[in-house]
Amino acid sequence: MSPAFLVPGVVSPDLPSAFAHSAAYGDIVAATLALLSLASRPRGVGVVIAWIFNLWGSADLLNAF
């Protein structure tokens, strides 16, 4: 699955908007967690945020399927 389902006009208009919204917000949260883990990498909390990012990203991917 590619991220093309979020681009208007690329896919069928039959795509449920609830799915598109949940996928988009899940990706935004994952990207934010990834950036936070990079910013706090020198401290120990960066490792914890990286684990949270990995768990969230995996759950978001499974939700998309």
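Residues numbered from 1 in each chain as written. Predicted model: local features only at pLDDT ≥ 70, side-chain atom pairs only at ≥ 80, totals over all residues. Heavy atoms only, no water.

(A) Spatial organisation of the packing of helix α1 (residues 17–39) against helix α2 (residues 45–64). Here α1 crosses α2 at 160°, and the two axes come no closer than 9 Å. The angle between α1 and α2 places the two elements in the roughly antiparallel class. Note on packing geometry: the crossing formed by α1 with α2 is left-handed. Each of F19, S22, A23, G26, D27, V29, A30, L33, A34, L36 and S37 in α1 lies in contact with α2, whose residues at this interface are G46, I49, A50, I52, F53, W56, D60, N63 and A64. Class assignment of the residues belonging to the contact of α1 with α2 gives a composition of 13 nonpolar, five polar and two charged. (Axes fitted to C-alpha atoms, helices over the stretch in contact; angles between N-to-C directions. Helix = DSSP H or I, 4+ residues; strand = E, 2+ residues; numbered from the N terminus. Parallel < 35°, antiparallel > 145°, perpendicular 65-115°, else oblique. Left-handed = near helix turned anticlockwise from the far one by under 90°. Contact = heavy atoms within 4.5 Å. Nonpolar A, V, L, I, M, F, W, Y, C, P; charged D, E, K, R; others polar.)

(B) Summary view of α1. Here α1 spans 33 Å end to end across 23 residues, near enough to the 33 Å set by a 1.5 Å rise per residue. Where α1 is concerned, the buried positions are F19, A20, A23, G26, A30, L33 and S37. Buried residues in α1 make contact with α2. (Expected span 1.5 Å × (residues − 1). Buried < 20%, exposed > 50% of the residue type's maximum accessible area, 1.4 Å probe, protein only.)

(C) View of the side chain of S40. Tracing the backbone shows S40 in the loop between α1 and α2. Owing to a relative accessible area of 5%, S40 belongs among the buried residues under this scheme. Those residues in contact with S40 that sit more than four places away from it in its chain are V45, G46 and I49.

(D) Structural detail: α2. In this model α2 runs 28 Å from its N-terminal to its C-terminal C-alpha over 20 residues, within 8% of the 28 Å that 1.5 Å per residue would give. For α2, every residue scored as buried is listed here: G46, I49, D60 and A64. The arc that holds the buried residues of α2, viewed along the axis, is 55°, so those residues lie on one side. Along α2, exposed side chains directed more than 90 degrees from the buried face belong to V47, W51, L55 and L62. Buried residues belonging to α2 abut α1. (Arc of directions from axis to C-beta.)

(E) Quick look at a nonpolar patch on the surface. Where nonpolar side chains cluster on the molecular surface, the patch consists of V45, V48 and I52 and spans about 240 Å² of accessible area. Along the chain, V45 turns up in helix α2. (Patch = residues over 30% accessible without salt bridge, like charges linked within 9 Å, V, L, I, M, F, W, Y side chains within 5 Å. Areas by Shrake-Rupley, 256 points an atom, 1.4 Å probe, with all protein chains shown as cover. Salt bridge = Lys/Arg side-chain N within 4 Å of Asp/Glu carboxyl O.)

(F) Structural detail: the side chain of D60. If you trace the backbone, D60 turns up in helix α2. It is R41 that comes nearest to the buried, bridge-free D60 among opposite-charge side chains, at 22 Å. (Lys, Arg positive; Asp, Glu negative; His and termini not counted.)

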